[in-house]
Amino acid sequence: LEETLAAVQAVSIVIPTTEHAVVAREAFARGVDVLVEKPITRTVEEADELIALAEAGGRILQVGHVERFNPGVVAAKAITRHPLFFEIHRLGVFSPRSLDVDVVFDLMIHDLDLVLWLAEGQVQDVRAVGLPVLSDKVDIANARVEFDNGAVANLTASRVSTEKVRKFRYFQPSEYVSIDFTRRDVLVLRVDRDGPTPRLGFRKLETPPHEPLRAELEAFVESVRTRRPPLVGGREGREALALAERVMARIEEHAAQVGVPLARSAGRSGEL
């Protein structure tokens, strides 16, 4: 690590969440810009520390919420206006790859970040339920997030599905927007009221053939070169983590009520 940090201007930190803060802290101390995988850190307190260090040292801190760079999301963001209801499913087939964290921090956090970005309101209430199924951590979770501007998001994340599903749908006045993360496309359904009777119109938004991970890395390099703030900076990563922790807190409250043991302490996105 010491040899690497002495030889580079910027690094991408793709290691277990428990070590994010340790390595990023060392990078900043050596004047190196950082792209850190999601979740930004193990705790909100660690995230606040990294944000402060980056700002004090004039360093770039980008967080790897790669779905922001999905062509479907980019196209949908351009037409988003006061969305009021979100229905989101992120389901995956069971794999031992990410069993060191709960599904909220492994999968749902992607969609929590997007909801915060698109809803543009303050979170007012969070309700959630989750269960361990094939591991000792939460493998399937559902959350309902309510915002002060009237928007409501219903999110489901699972790593015990029989198929991979990546659907992000939301409704705004007279319009329904459906994003398929796998196909990277957007379908918009709109009610046309110009005629004597309402008609439904469908259109598929144009999406550039960009690979999200490549676009994310290119954006990071551009921020390093120009010193412009990244699209997903430390504060955005911190807010997604804080909301994920609120979801997990509600899950733990429900689990305690029904007597389901969870192998995790509250407010931690990884193992101690």
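For the structure, see preceding data.
Attention here is on the structure that accompanies the text. Everything quoted here is computed from the prediction, not taken from an experiment. (Residues numbered from 1 in each chain as written. Predicted model: local features only at pLDDT ≥ 70, side-chain atom pairs only at ≥ 80, totals over all residues. Heavy atoms only, no water.)

Some thoughts on the packing of helix α2 (residues 20-29) against helix α3 (residues 44-57)
- Relative to each other, α2 and α3 sit at 10°, their axes nearing to 10 Å. One element, α2, and the other, α3, form an angle in the roughly parallel class. In contact with A21, A24, R25 and F28 of α2, α3 contributes E46, E49, L50, L53 and A54.
- Its residues assigned to classes, the contact of α2 with α3 shows 6 nonpolar, no polar and 3 charged. (Axes fitted to C-alpha atoms, helices over the stretch in contact; angles between N-to-C directions. Helix = DSSP H or I, 4+ residues; strand = E, 2+ residues; numbered from the N terminus. Parallel < 35°, antiparallel > 145°, perpendicular 65-115°, else oblique. Contact = heavy atoms within 4.5 Å. Nonpolar A, V, L, I, M, F, W, Y, C, P; charged D, E, K, R; others polar.)

A short note on the layout of surface pockets
- Roughly 300 Å³ of internal volume is contained in the second largest pocket.
- As for the second largest pocket, its lining consists of 13 residues, of which L116, W117, G121, Q122 and E239 are closest to the centre.
- Taken together, the elements giving at least two residues each to the lining of the second largest pocket come down to α5 (103-119) and α7 (234-258).
- A per-element tally of the lining of the second largest pocket places α7 first, with 5 residues. (1 Å grid on protein atoms, 1.4 Å probe; cavity = no way out; pocket = protein on both sides within 12 Å on 5 of 7 lines; lining within 4 Å. Points joined across faces, edges and corners; volume = space filled by probe spheres on them.)

A few points about α7
- With 25 residues, α7 ought to run about 36 Å at 1.5 Å a step, and its terminal C-alpha atoms sit 36 Å apart, in line with that.
- Of the residues one or two after α7, G259 is the one with positive phi, at around 75°. (Expected span 1.5 Å × (residues − 1).)

Focus: helix α6 (residues 212-226)
- With 15 residues, α6 ought to run about 21 Å at 1.5 Å a step, and its terminal C-alpha atoms sit 21 Å apart, in line with that.
- Three or more residues of α6 are buried, namely P212, A215, E216, F220, S223 and V224.
- Contact partners of the buried residues in α6: β1 (10-13), β2 (33-37), β3 (61-64) and α4 (71-79).
- The N-terminus of α6 is capped by E211, whose side-chain oxygen sits 3.0 Å from the backbone nitrogen of L213.
- Looking at the residues trailing α6, positive phi occurs at R227, about 70°. (Buried < 20%, exposed > 50% of the residue type's maximum accessible area, 1.4 Å probe, protein only. Polar contact = N/O pair within 3.5 Å; in protein donor to acceptor, adjacent residues only side chain to side chain.)

A short note on the packing of aromatic side chains
- For the structure shown, the criterion picks out 6 aromatic pairs.
- Their ring planes at 35° and their centres at 5.4 Å tell us that F86 and Y170 sit as a pair that is tilted. One end of the pair, F86, is in strand β4 (residues 85-91); the other, Y170, is in strand β8 (residues 165-172), and 84 residues separate them in sequence. Each member of the pair, F86 together with Y170, is buried. (Phe/Tyr/Trp six-rings, centres within 6.5 Å; stacked < 30°, edge-to-face > 60°.)

Notes on the sheet that holds β3
- Strands sit in the order β1-β2-β3 across an open sheet of 3 strands; the sheet is parallel. The sheet is open, and its two edges are formed by β1 and β3, each paired on a single side. Adjacent strand axes in the sheet meet at a mean angle of 15° when their direction is disregarded.
- Where β1 and β2 come together, 4 bridges link them in parallel fashion. Looking at β2, one finds that V11 is bridged to V34.
- Sheet contacts for α6: β1, β2 and β3; angle to β2, the most-contacted strand, approximately 155°. (Pairing = 2+ DSSP bridges.)

With respect to the nonpolar core
- Counting 68 residues, the largest nonpolar core has F86 and F168 as the members making the most contacts within it.
- Here the element with the most residues in this core is α5; it accounts for 12 residues.
- Excluding anything up to four places from it in sequence, F86 contacts V115, L118, A119, A151, V152, A153, N154, F168, R169 and Y170. (Core = buried A, V, L, I, M, F, W, Y, C linked by side-chain atoms within 4.5 Å.)

What about the pattern of salt bridges?
- Tallying each qualifying case throughout the model produces 28 salt bridges.
- Residue K77 pairs with E120 through a salt bridge whose shortest N-O separation is 3.4 Å. One end of the pair, K77, is in helix α4; the other, E120, is in the loop between α5 and β5 (123-131), with 43 residues separating them in the sequence.
- Accessibility expressed as a relative area gives 24% for K77, which makes it partly exposed.
- Ionic contacts of the salt-bridge type, sharing partners, join the residues K38, D106, D139 and R159 into one network. (Salt bridge = Lys/Arg side-chain N within 4 Å of Asp/Glu carboxyl O.)

Let's talk about the sheet that holds β5
- Spatially, β5-β6-β7-β4-β8-β9-β10-β11 is the arrangement adopted by the 8 strands of the open sheet, whose pairing is mixed. Each having just a single partner strand, β5 and β11 (199-204) make up the two edges of the open sheet. Between one strand and the next, the sheet's axes are offset by a mean angle of 10°, whatever the strand orientation.
- Across 7 bridges, the pairing between strand β6 (residues 140-147) and strand β7 (residues 152-158) is antiparallel. Paired with A141 across the strands is A157, a residue of β7.

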